[in-house]
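Below are the chains, spelled out letter by letter.
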Amino acid sequence: MFNKIIKRGNRKGTRGDSAEPAARPAAPSSSSGGGGGGAGGAAPVTVNHASRATAATPSSPTSPHVAPSALATNQAAGAASPPLLEPLPLLRDVAAADRPGLLIRKLRIVAAIFDLSDSLKHPREKEAKRQALLELVDYVQAPAQAGANAPVRLPDHVQEALVAAISANIFRPLPPALHESAAAIDPGAAPDDEEEPFLDPAWPHLQLVYELLLRYVVSPDTDTKVAKRYVDHAFVLHLLDLFDSEDPREREYLKTVLHRIYGKFMVHRPFIRKAINNVFYRFIFETQRHNGIGELLEILGSIINGFALPMKEEHKLFLARALIPLHKPKSVAIYHQQLSYCIVQFVEKDYKLADTVIRGLLKYWPVTNCQKEVLFLGELEEVLEATQAAEFQRCMVPLFKQIGRCLNSSHFQVAERALFLWNNDHIVSLIAQNRGVIFPIIFEALERNIQSHWNQAVHGLTANVRKMFLDMDSELFEECQQQYLEKQARAKEMQEQRESAWRQLEAVVAAKAAGDDMVLVN
């Protein structure tokens, strides 16, 4: 009887010792990604939590797309339970057959989430996570250098766990924007466009996670047929949500990663374009606030450059419905350089789109924002450089009416930038071919500048343009001048008639008032 009890106790102890505890399922949070600190050079360890004793099997790793409520619950549970440590060997020190299991265990370390607001909390675990990330980055980049004799494709269940661990770290609620925080403190405070960018304290670990994702995506050993099951549409949408991060370093990594995903996963390309479209629509017509518009436009610039000809109707609609309306928001100056590049790429790809683009610019032309007008004039010059004569003729009348208004602007930078258009040889040649239509529109604006503009630089540039017109076609110049003088004479005559009519009316009123006074006296 005693022997049976002893055997039963030994059996139970063996089962408990062989059970492999698992790291807490990680959840996105504003401080996810672990943190620096702790003793440098510590041996790699596994982070296990007492609240979660059941190991996740390789066939069912943590899902990369977790509901926010579940994330909050998991994070709270993990924060409440002290972590335990277990030493792990390096990948290069184990046999090739044992590496998948070791990778899974290291990915559980990476998936653990720590509070970076307190640097004294779990320093050893944070350092363990950092060391695991560094080792995984090197292994994914070049498995042969990490101990394999030849590049080895990661098993499917390891890829799934890898994407799950990456998702747990980067897919998190972003902290409130600075303008939102200021509005909560003082609802009447005006937003400050020159505020310092927010730098996420979790970035030292987040950077390693992003580097791991980037190496996984660009690795030649990553099979897109397998990886697309994990880097799916939901994953792409979560990446796009992160473009609103206020940390410019994170947006730069996101730009690179999304661009690489677009290049490698051809099956995702239409979906990515549509998803970026939706981000633009929401920015233009709803929020008018987004931190990542410039980065998204940089990605689109290279995408547009690769469009095949003839251009699909889908791409033309994207130009008309998304890119051109991006000129509307007040914050256009932040991303105008990238937007202008995309617009010009469209015109260079298909010159017939020049009329659509120019009329779109005129539709959203600013009325009271002079700095925005200067940006529009610069973009207009780039578009006109790629414009052919036939498309130019379709829009030249409304175009030069607007340029004429810019020439007479009291803001000298607007007037000066408009006059600089005549320094472009291609634009001058287009004007010369259609001078019979353009001269009469522009001539009056030039004469007004000569007579009354306050800025000497604008006055001098106007004289140069006027002389250019005279040298180009003296007869037309004299005809326009004669028409202008006749128009001025008619305007002066009408003004004299108006003043005379007012004097007569005043005299009648005065006489009537004098008659009424005499009646009252009598």
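Residues numbered from 1 in each chain as written. Predicted model: local features only at pLDDT ≥ 70, side-chain atom pairs only at ≥ 80, totals over all residues. Heavy atoms only, no water.

- The name given to the protein chain in an unreviewed UniProt entry is Serine/threonine protein phosphatase 2A regulatory subunit, with the source organism recorded as Digitaria exilis.
- As its UniProt record puts it under Function (unreviewed entry), the protein chain is described as follows: "The B regulatory subunit might modulate substrate selectivity and catalytic activity, and also might direct the localization of the catalytic enzyme to a particular subcellular compartment." (UniProt positions renumbered as here; feature names shortened; annotations may be inferred.)

## Some points on the overall build of the protein chain
1) Next: Within the protein chain, the regular secondary structure consists of 22 helices and 2 strands.
2) Next: Buried residues in the protein chain amount to 44% of all 522 residues.
3) Next: Partitioning the contacts of the protein chain with sequence separation of at least 6, the portion at a separation of at least 24 is 78%.
4) Next: Accessible area of the protein chain: about 26,800 Å², with a carbon and sulfur share of 54%. (Helix = DSSP H or I, 4+ residues; strand = E, 2+ residues; numbered from the N terminus. Buried < 20%, exposed > 50% of the residue type's maximum accessible area, 1.4 Å probe, protein only. Contact = heavy atoms within 4.5 Å. Areas by Shrake-Rupley, 256 points an atom, 1.4 Å probe, with all protein chains shown as cover.)

## Let's talk about the side chain of Glu-379
1) Next: Mapped onto the secondary structure, Glu-379 falls in helix α16 (residues 370-385).
2) Next: Although Glu-379 is buried, it forms no salt bridge, and the closest oppositely charged side chain is Lys-372 at an N-O distance of 10 Å.
3) Next: In terms of polar contacts, Glu-379 uses its side chain to reach the side chain of His-327, at 2.8 Å.
4) Next: Setting aside residues up to four positions removed in sequence, Glu-379 forms contacts with His-327, His-336, Ser-340, Ile-343 and Leu-361. (Lys, Arg positive; Asp, Glu negative; His and termini not counted. Salt bridge = Lys/Arg side-chain N within 4 Å of Asp/Glu carboxyl O. Polar contact = N/O pair within 3.5 Å; in protein donor to acceptor, adjacent residues only side chain to side chain.)

## Let's talk about the pattern of salt bridges
1) Next: Per the stated rule, a full pass over the model turns up 21 salt bridges.
2) Next: Of the charged contacts in the structure, one is a salt bridge between Arg-153 and Asp-156, with a shortest N-O distance of 3.3 Å.
3) Next: The class for Arg-153 is partly exposed, based on a relative accessible area of 39%.
4) Next: Under the relative-accessibility criterion, Asp-156 is labelled partly exposed at 30%.
5) Next: Where Glu-444 meets Lys-487, a salt bridge forms, and the shortest distance between an N and an O atom there is 2.8 Å.

## A few points about helix α20 (residues 435-452)
Residues lying three or four places apart along an α-helix face the same way, a consequence of the helix completing one turn every 3.6 residues.
1) Next: When the terminal C-alpha atoms of α20 are compared, their 25 Å separation across 18 residues agrees well with the 26 Å that a helix rising 1.5 Å per residue should span.
2) Next: At Ile-442, α20 shows its largest bend, some 35°.
3) Next: Within α20, the full set of buried residues consists of Ile-438, Phe-439, Ile-442, Phe-443, Glu-444, Ala-445, Leu-446, Glu-447 and Asn-449. (Expected span 1.5 Å × (residues − 1). Bend = angle between axes of the 7 residues up to and from the residue.)

## Re a nonpolar patch on the surface
1) Next: Together, Trp-502, Leu-505 and Val-509 line one region of the surface with nonpolar side chains, adding up to about 330 Å² of accessible area.
2) Next: Summarising the element assignment, Val-509 is placed in helix α22 (residues 474-521). (Patch = residues over 30% accessible without salt bridge, like charges linked within 9 Å, V, L, I, M, F, W, Y side chains within 5 Å.)

## Some words on the environment of Ala-320
1) Next: Along the chain, Ala-320 falls in helix α13 (residues 313-323).
2) Next: With 37 residues separating them in the primary sequence, Ala-320 and Val-357 have C-alpha atoms 7.8 Å apart.

## Looking at the packing of helix α4 (residues 123-141) against helix α7 (residues 203-218)
1) Next: Look at α4 against α7: their axes get within 9 Å of each other, and the N-to-C directions meet at 20°. Considered as vectors, α4 and α7 are oriented roughly parallel to each other. For the element pair α4 and α7, the recorded crossing hand is left-handed. Of the residues in α7, those in contact with Lys-126, Lys-129, Arg-130, Leu-133, Leu-134, Leu-136, Val-137, Val-140 and Gln-141 of α4 are His-205, Leu-208, Val-209, Glu-211, Leu-212, Arg-215 and Tyr-216.
2) Next: When grouped by side-chain class, the residues that make up the contact of α4 with α7 number 9 nonpolar, 2 polar and 5 charged. (Axes fitted to C-alpha atoms, helices over the stretch in contact; angles between N-to-C directions. Parallel < 35°, antiparallel > 145°, perpendicular 65-115°, else oblique. Left-handed = near helix turned anticlockwise from the far one by under 90°. Nonpolar A, V, L, I, M, F, W, Y, C, P; charged D, E, K, R; others polar.)

## Comments concerning the nonpolar core
1) Next: Of all hydrophobic cores here, the largest spans 129 residues; its most connected members are Ile-170, Phe-280, Leu-297, Leu-323, Leu-326, Phe-400 and Trp-422.
2) Next: Each residue touching Phe-400, except ones within four places of it in the same chain, is listed here: Phe-392, Trp-422, Ile-431, Ile-438, Ile-441 and Ile-442. (Core = buried A, V, L, I, M, F, W, Y, C linked by side-chain atoms within 4.5 Å.)

## Quick notes on the environment of His-459
1) Next: Inspection of the secondary structure puts His-459 in helix α21 (residues 456-472).
2) Next: Residue class for His-459 comes out partly exposed when judged on its relative accessible area of 26%.
3) Next: Linking His-459 and Phe-412, residues 47 residues apart in sequence, is a C-alpha distance of 9.9 Å.
4) Next: Apart from residues no more than four positions distant in its own chain, His-459 is found in contact with Asn-449 and Ile-450.

## Describing helix α12 (residues 293-305)
1) Next: Here α12 is 13 residues long and its end C-alpha atoms lie 18 Å apart, about the 18 Å a rise of 1.5 Å per residue gives.
2) Next: Taken across its 13 residues, α12 has 10 buried, putting it largely inside the fold.
3) Next: Those residues of α12 not exposed but buried are Ile-293, Gly-294, Glu-295, Leu-296, Leu-297, Ile-299, Leu-300, Gly-301, Ile-303 and Ile-304.
4) Next: Against the buried residues of α12 lie α9 (233-242), α10 (248-264), α11 (269-287), α13 and α14 (332-349).

## Quick look at the packing of α9 against α11
1) Next: At a minimum axis distance of 11 Å, the contact between α9 and α11 shows a crossing angle of 35°. Crossing hand, α9 versus α11: right-handed. Where α9 approaches α11, its residues His-233, Val-236, Leu-237 and Leu-240 are matched on the opposing element by Phe-271, Ile-272, Ala-275 and Ile-276.
2) Next: Of the residues assigned to the contact of α9 with α11, the class counts are 7 nonpolar, 1 polar and no charged.

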